[in-house]
Amino acid sequence: MTTPVPSPYKRILLKLSGEALRSPGSMDNISPEIVARIAQEIADAYHTASIELALVIGGGNFWRGAKASVRGMDRATADYVGMLATVMNALALQSAIARCGVPCVVQSAIEMKNVAEPFIRLKAKEELSQGKIVIFAAGTGNPFFSTDTTAALRASEINADIVMKATSVDGVYDADPKKVENAKRFDTISYQECIARQLKVMDSTAFALCMDNKKPIIVFDMHAEGNITRALKGEPIGTTIS
């Protein structure tokens, strides 16, 4: 049996990309195999790191409201469709996490009592204290806000110690590493330097929320096997912004 090693972070908000749930080149919006891997990595950290964990997951594998609005759909309506996409992802991940033996609930900012609890801040904090993983779905419940902003907002509301953003790159660079061969990756960087360099870590609203509420951000690559577990356990990974 693995001996539990406490994470340096007690309560964590993990932001996952919805597009990461889709297999590259696949027509399926959700890959059960990828969801199962993510759930197992979360469960491994849960069982060995003594953490309280909340999740926010995007809906980009199904829908992107901003793109739909450019093509003529009313922006608010397009964003509501995107919120529903995050609920589908949240339910899929909840089911996979539960199969790993970890108690998990979904709280939705849009009421849909047959599939999810309503978002209630104090109840979410109570459930986290009871050892349940809480997945926050349907964004903030309002159009014009991204799931990055949801992650920053919910992290502040539940008094999370840190926001971890699992993405498709292994940290924050001084230039796009996919376009610039010698782009430099930062191990640590300040909020102020990110702003001065105009580095796109999160959208401006989300970043300002984290900075104003003194929530450190870790950006790391979620595609490398085991990285989610390592991040949640507090091992050095990606880039830390504080």
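In short, a report on the structure.

## What about the sheet that holds strand S5 (residues 133–137)?
And then number 1: Strand order in this open sheet of nine strands is S4-S3-S5-S2-S1-S6-S10-S11-S9, and the pairing throughout is mixed. Single-partner strands in this sheet number two, and they are strand S4 (117–118) and strand S9 (188–189).

## A word on the layout of surface pockets
A probe as big as a water molecule, rolled over the atoms, marks out the empty space that is left.
And then number 1: Reported here for the largest pocket is a volume of approximately 1200 Å³.
And then number 2: Mapped by element, the contributors of at least two residues to the lining of the largest pocket are helix H2 (65–70), helix H3 (75–99), helix H5 (147–157), strand S6 (162–167) and strand S7 (172–173).
And then number 3: Class assignment of the residues belonging to the lining of the largest pocket gives a composition of 16 nonpolar, 17 polar and 14 charged.
And then number 4: Considering only enclosed or pocket space, the second largest pocket measures out at about 150 Å³ in volume.
And then number 5: What lines the second largest pocket is Cys 194, Ile 195, Gln 198, Leu 199, Lys 200, Val 201, Met 202, Asp 203, Ser 204, Phe 207 and Ala 208.
And then number 6: Only helix H6 (191–196) and helix H7 (204–212) provide two or more residues apiece to the lining of the second largest pocket.
And then number 7: A per-element tally of the lining of the second largest pocket places H7 first, with three residues.
And then number 8: The residue makeup of the lining of the second largest pocket, split by class, is seven nonpolar, two polar and two charged.

## Examining the nonpolar core
And then number 1: Core analysis: the largest hydrophobic core is formed by 43 residues, its most contacted members being Leu 14, Ile 42, Ile 97 and Leu 232.
And then number 2: Counting residues per element, this core draws most heavily on helix H1 (residues 32–49), which supplies nine residues.
And then number 3: Setting aside residues up to four positions removed in sequence, Ile 42 forms contacts with Leu 14, Leu 53, Leu 55, Ile 97, Ile 133, Ile 228 and Leu 232.
And then number 4: By size, the runner-up hydrophobic cluster in this structure holds 28 residues, among which are Val 56, Val 105, Ile 158 and Val 201.

## A closer look at unusual backbone geometry
And then number 1: In this structure, Ala 138 takes a positive phi of about 70° despite not being glycine.
And then number 2: If you check the backbone angles, Gln 198 has positive phi at about 55° while not being a glycine.
And then number 3: Residue position: Gln 198 is located in the loop between H6 and H7.

## Describing the packing of H1 against H3
And then number 1: Contact geometry of H1 with H3 gives a least axis separation of 8 Å together with a crossing angle of 55°. By the angle between their axes, H1 is oblique relative to H3. Viewed along their axes, H1 and H3 form a crossing whose handedness is right-handed. Of the residues in H3, those touching H1 at Val 35, Ala 36, Ile 38, Ala 39 and Ile 42 are Ala 92, Leu 93, Ala 96 and Ile 97.

## Here we look at the pattern of salt bridges
And then number 1: On inspection of all chains with the given rule, the structure shows ten salt bridges.
And then number 2: With a shortest N-O distance of 3.8 Å, Glu 117 and Lys 123 are connected by a salt bridge.
And then number 3: Among the ionic pairs, Asp 148 bridges to Lys 165, the shortest N-O distance being 3.0 Å. On the criterion of sequence distance, the pair formed by Asp 148 in helix H5 and Lys 165 in strand S6 is long-range, its members being 17 residues apart.
And then number 4: Look at Asp 148 and you get buried, because its relative accessible area is 10%.
And then number 5: On the accessibility criterion, Lys 165 (13% relative accessible area) is buried.
And then number 6: Each of Lys 10, Arg 11 and Glu 52 takes part in one network of salt bridges that share partners.

## So, the pairing of S5
And then number 1: With five of five residues buried, S5 is to be regarded as a mostly interior element.
And then number 2: Bridge analysis of strand S2 (residues 52–57) against S5 gives three bridges, and the strand direction is parallel. Paired with Val 56 across the strands is Phe 136, a residue of S5.
And then number 3: Judged from the five bridges that link them, strand S3 (residues 104–108) and S5 form a sheet pairing that is parallel. The partner of Ser 108 across the bridge, within S5, is Ala 137.

Here is what the cut-offs are and how they apply
- Residues numbered from 1 in each chain as written.
- Predicted model: local features only at pLDDT ≥ 70, side-chain atom pairs only at ≥ 80, totals over all residues.
- Heavy atoms only, no water.
- Pairing = 2+ DSSP bridges.
- Helix = DSSP H or I, 4+ residues; strand = E, 2+ residues; numbered from the N terminus.
- 1 Å grid on protein atoms, 1.4 Å probe; cavity = no way out; pocket = protein on both sides within 12 Å on 5 of 7 lines; lining within 4 Å.
- Points joined across faces, edges and corners; volume = space filled by probe spheres on them.
- Nonpolar A, V, L, I, M, F, W, Y, C, P; charged D, E, K, R; others polar.
- Core = buried A, V, L, I, M, F, W, Y, C linked by side-chain atoms within 4.5 Å.
- Buried < 20%, exposed > 50% of the residue type's maximum accessible area, 1.4 Å probe, protein only.
- Contact = heavy atoms within 4.5 Å.
- Axes fitted to C-alpha atoms, helices over the stretch in contact; angles between N-to-C directions.
- Parallel < 35°, antiparallel > 145°, perpendicular 65-115°, else oblique.
- Left-handed = near helix turned anticlockwise from the far one by under 90°.
- Salt bridge = Lys/Arg side-chain N within 4 Å of Asp/Glu carboxyl O.

Any link to function would need more than the numbers given here.
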